[in-house]
Amino acid sequence: MKKLAIISTIVLGLAATSCDSYLDINENPNSPAESNMTPSIMMPAAEMNMAATYGNLMRIPAGYFAQQYAHAFGTSNYVDYSQFQMSATRSSSAYSQMMRGALKNLETIRTLSRESEEWGTYLAATTLRAFAFQALVDCYGEVPFSEAFDVANPTPHYDEGSSIYSALIAELDEALANASATDPVCTNFLLGNTAANWIKFANTVKLKILSRESGVASVDSQIGALIAEDNLITSDVAYAGIWSSESGGMNPYWSEEFATNFGSTQINVVANVAIINTMLQKDSEGAVVYEDPRLATFFETNGAGEYTGGISGTNFSTSDSYKSTYWCRPVASYDMPLYLITVAEKEFFISEYYARTGNSSAAAEHYAAAVEASFATAGVDGADENIAQFPYDQSNYKQSIGIAKWVALAGINNYESWCELRRLRYPAFGSVKGSDMYNLQTDDSYKPELLAPGTLYTPIQVFGQVGDNHLLERYPYPSSSTSSNSNAPTFQNSDYTKPVFWAN
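In this report, we go over the structure that sits alongside the text. Numbers given for residues are sequential positions, taken from 1 along each chain in its written order. In keeping with the model being predicted, local features are shown solely for residues with a pLDDT of at least 70 and side-chain atom pairs are shown and tallied solely at 80 or more, while totals for entire chains, interfaces and linings include all residues. Note that water and hydrogens are dropped before the side-chain values are worked out from all heavy atoms of the structure.

Brief notes about the overall build of the chain
Applied cut-off: Labels follow the DSSP assignment, with helices taken as runs of H or I lasting at least four residues and strands as runs of E lasting at least two, numbered in each case from the N terminus. Note on method: radius of gyration uses C-alpha positions; expected globular size equals 2.2 Å times residues raised to 0.38. Working definition: with a 1.4 Å probe on protein chains only, accessible area under 20% of the residue-type maximum means buried, over 50% means exposed, and in between means partly exposed. Residues count as neighbours in contact if any of their non-hydrogen atoms are within 4.5 Å of one another. Per-residue and other accessible areas follow the Shrake-Rupley method at a 1.4 Å probe size, with only the shown protein chains counted as cover for residues. Charge counting treats Lys and Arg as positive and Asp and Glu as negative, with His and both chain ends excluded. For this purpose, a charge sits on NZ of Lys, CZ of Arg, CG of Asp or CD of Glu.
Helix and strand counts for the chain come out as 18 helices and 10 strands. A globule of 504 residues ought to have a C-alpha radius of gyration of about 23 Å, and the chain, at 22 Å, matches this closely. Evaluated residue by residue, the chain yields a buried proportion of 59% over its 504 residues. In the chain, 74% of the contacts between residues at least 6 apart in sequence involve partners at least 24 apart. Element-wise, carbon and sulfur atoms account for 46% of the exposed surface of the chain, whose accessible area totals about 18,300 Å². For the chain, the separation between the mean place of its 28 positive charges and that of its 54 negative charges on side chains is 4 Å.

And the structure:
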């Protein structure tokens, strides 16, 4: 199995400093003294740790949990994910990398830039901190926050997700109030060296945070103000144009799952029947009635030039029928962008706001804008036909937006897809189960055509604590934290299906 903590090998030619050089600057005596550090030295390390965590360690499991990925024949690496299972040990890599590698560095950058009144850099670090902490809350529900970086406290309290969300909004508001568009920003890989685009990104992160909690908090006035201000992103925010083909310089997701630099050629991730059947719809005779043009940019065809989807909960049989050439792999490359947030996501959030507040025409307008933006990100035409095929429905706006967003994110950002799936509850589980489509005994039992487009299904062998017709709602608290923290909460078996605060 390839090394999960891939960031320890990432050394970009664009940066003079290795990405893991400062993972422990606040506590490791062998690292450079904090007094000698500058934001320009630290920011690339923080960004790359965040990229490796969010764009790989969080992306791959979420692809399985959102039923956009299935497991290929012949390996056991991610069969547990395909069964909707996550262990406290498995979840520790992402947590530790984000906390120690990204957030600790970002906190130091915030301290240094606040002291020197470098408000552009302060805004950039605050925005990335908010983005990273939101990702952890959305994953675990509760994480250390208020005491997370108190070096005198080895047992930090786990804060409630709702209180962390509120604190992140307050931090973003404070940073935005201090920053001007022309303020310089230290060296970074994302949005340039002035604050103008960082202000747009910060406002869009605010929109995402507020939208995610909109079902449990009265935040529509704040969302409306952001939309009225109209200073949100106008292009996707991604680590793009920075990756190289050299070992250690590739997109982390590619390096983990597709590269052969580690001597491995095994295949784990393939397309799931749920996403294939939704993007490639057929009639009862098997004739194609609609093929989403984005499908070819998200997934390759198999060895026979066809789109086939695996079924969650198994790695199929050992017969020749389901060798690696049978399955469709995600389209990927060493220099593929690693997306943090897209214009399509922004437009879906705006559409949802208008739907929720009763403005159906504006909701439909921004739904269409979201689909168009998704097609633009994928680099294909056909948005108008897609909108006609799947028109916005105000009476079922969560279903319209939920399924459309799930499709749009399938080849872009699987982690956010899992989050929105848990919140909007679409796609929903249908009447077909994984065991109806494949019985593990005979190859000719594979019947993917049974699954209706736009529906999920119970994996063939589902994790017992999740059970039938349920999603994995959250990760167990990471053992890397709980094993030495007496203040960590206890995770019960029932918590696997206990929604995080915004999904209640």
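Some words on the nonpolar core
Our working rule: Side-chain atoms within 4.5 Å link the members of a nonpolar core, which is a set of buried Ala, Val, Leu, Ile, Met, Phe, Trp, Tyr and Cys residues.
The biggest cluster of nonpolar side chains holds 166 residues, and the ones touching the most others in it are Met-98, Phe-201, Tyr-239 and Leu-340. Looking at this core, the element that brings in the most residues is helix α5 (residues 119-140), giving 15 residues. If we ignore the near neighbours within four places in the chain, the residues touching Phe-201 are Thr-127, Leu-128, Phe-131, Leu-191, Ile-233, Val-237, Leu-340 and Ile-341.

Topic: the environment of Ala-355
Note on placement: Ala-355 falls in helix α12 (residues 343-356). With 272 residues separating them in the primary sequence, Ala-355 and Gln-83 have C-alpha atoms 34 Å apart. Sequence-distant contacts of Ala-355, defined by excluding residues within four places in its chain, comprise Ala-363, Tyr-392, Gln-394 and Tyr-397.

So, the layout of surface pockets
Gaps left between atoms are located by rolling a probe of water-molecule size over the structure's atoms. Our working rule: For cavity detection a 1 Å grid was placed over the protein atoms alone, and a set of points counts as a cavity when a 1.4 Å probe fits there but cannot get out; an open set counts as a pocket when protein lies on both sides within 12 Å along at least five of seven lines, with lining residues being those that have an atom within 4 Å of a point. Grid points are joined across faces, edges and corners, and a volume is the space filled by probe spheres set on the points. Amino acid classes used here: Ala, Val, Leu, Ile, Met, Phe, Trp, Tyr, Cys and Pro are nonpolar; Asp, Glu, Lys and Arg are charged; the rest, including Gly, are polar.
Put simply, the second largest pocket is a space of about 390 Å³. Residue lining of the second largest pocket: 20 residues in total, with Asn-277, Leu-280, Lys-282, Pro-448 and Glu-449 positioned closest to the centre. Within the residue set of the lining of the second largest pocket, elements represented by two or more residues are α10 (273-279) and β6 (280-282). Its residues assigned to classes, the lining of the second largest pocket shows 9 nonpolar, 6 polar and 5 charged.

Some details on helix α4 (residues 92-115)
Counted only if it meets this: Multiply 1.5 Å by the residue count of a helix minus one, and that product is the helix's expected span. The reported bend at a residue is simply the angle between two axes, fitted to the 7 residues ending at it and to the 7 residues beginning with it.
Taking 1.5 Å of rise per residue, the 24 residues of α4 would be expected to cover 34 Å, and the 33 Å separating its terminal C-alpha atoms lies within 8% of that figure. Leu-103 marks the point of greatest bend in α4, at about 30°. Buried residues dominate α4, accounting for 17 of its 24 residues. Directly after α4, the chain includes Glu-117, whose backbone phi takes a positive value near 55°.

Examining the packing of aromatic side chains
Centre distance and the angle of the planes are the two values used to describe a pair of aromatic rings. Test applied: Side-chain rings of Phe, Tyr and Trp, where Trp is taken by its six-membered ring, are said to pair if the distance between their centres is within 6.5 Å; with planes under 30 degrees apart they count as stacked, over 60 as edge-to-face, and otherwise as tilted. Criterion for a charge above a ring: Lys NZ or Arg CZ within 6 Å of the ring centre, and within 35 degrees of the ring normal.
One pass over the structure, following the stated rule, counts 33 aromatic pairs. Here the aromatic rings of Tyr-367 and Tyr-392 are separated by 5.6 Å at their centres, their planes lie at 50°, and the arrangement is tilted. With Tyr-367 in helix α13 (residues 360-378) and Tyr-392 in the loop between α14 (383-389) and α15 (397-408), this residue pair connects regions lying 25 residues apart in the sequence. A residue is classified by how much of its surface remains accessible, and Tyr-392, at 15% relative accessible area, is buried. The ring of Trp-502 has Arg-212 sitting right over it, with the charged end atom 5.7 Å from the ring centre.

Some details on the packing of α5 against helix α6 (residues 161-178)
We apply this condition: Comment: axis = line fitted to C-alpha atoms, over the contacting stretch for helices; angle = value between 0 and 180 degrees taken between N-to-C directions. In these notes the angle categories are as follows: under 35 degrees is roughly parallel, over 145 is roughly antiparallel, 65 to 115 is roughly perpendicular, and the rest is oblique. Left-handed describes a crossing whose near helix is turned anticlockwise from the far helix by less than a right angle; the clockwise case is right-handed.
Relative to each other, α5 and α6 sit at 165°, their axes nearing to 9 Å. What the angle tells us is that α5 and α6 run roughly antiparallel. As for how α5 packs across α6, the hand of that crossing is left-handed. Residues Trp-119, Tyr-122, Leu-123, Thr-126, Thr-127, Arg-129, Ala-130, Phe-133, Gln-134, Val-137 and Asp-138 of α5 form the contact with α6, whose own contacting residues are Gly-161, Ile-164, Tyr-165, Leu-168, Glu-171, Leu-172, Glu-174, Ala-175, Leu-176 and Asn-178. Among the residues making up the contact of α5 with α6, the classes are represented as 12 nonpolar, 5 polar and 4 charged.

Notes on unusual backbone geometry
Cis geometry is adopted by the peptide bond preceding Pro-427, which originates at Tyr-426 and carries an omega value of 0°. For Pro-427, the location among the structural elements is in the loop between α16 (414-424) and β9 (428-429).

Some remarks on the environment of Glu-142
Just so we agree on the cut-off: Definition of a polar contact: a pair of N or O atoms within 3.5 Å, with one able to donate and the other able to accept a hydrogen when the atoms are protein atoms, and with sequence-neighbouring residues admitted only if both atoms are side-chain atoms.
Within the secondary structure, Glu-142 sits in strand β2 (residues 142-144). Residue classification places Glu-142 among the buried positions, given a relative accessible area of 12%. Here the alpha-carbon distance between Glu-142 and Phe-501, two residues 359 residues apart in the chain, equals 9.1 Å. Among the polar contacts made by the side chain of Glu-142, one reaches the side chain of Tyr-477 at a distance of 2.4 Å.

Some words on the packing of helix α7 (residues 196-212) against α12
Where α7 contacts α12, the axes come no closer than 10 Å and their chain directions differ by 45°. With respect to α12, the axis of α7 lies oblique. For the pair α7 and α12, the crossing hand works out as left-handed. Judged by residue contacts, Thr-204, Leu-207, Lys-208, Ser-211 and Arg-212 of α7 engage Lys-346, Phe-349 and Ile-350 from α12. In terms of residue class, the contact of α7 with α12 is made up of 3 nonpolar, 2 polar and 3 charged.

Read these as layout, nothing more, since geometry by itself doesn't imply function.
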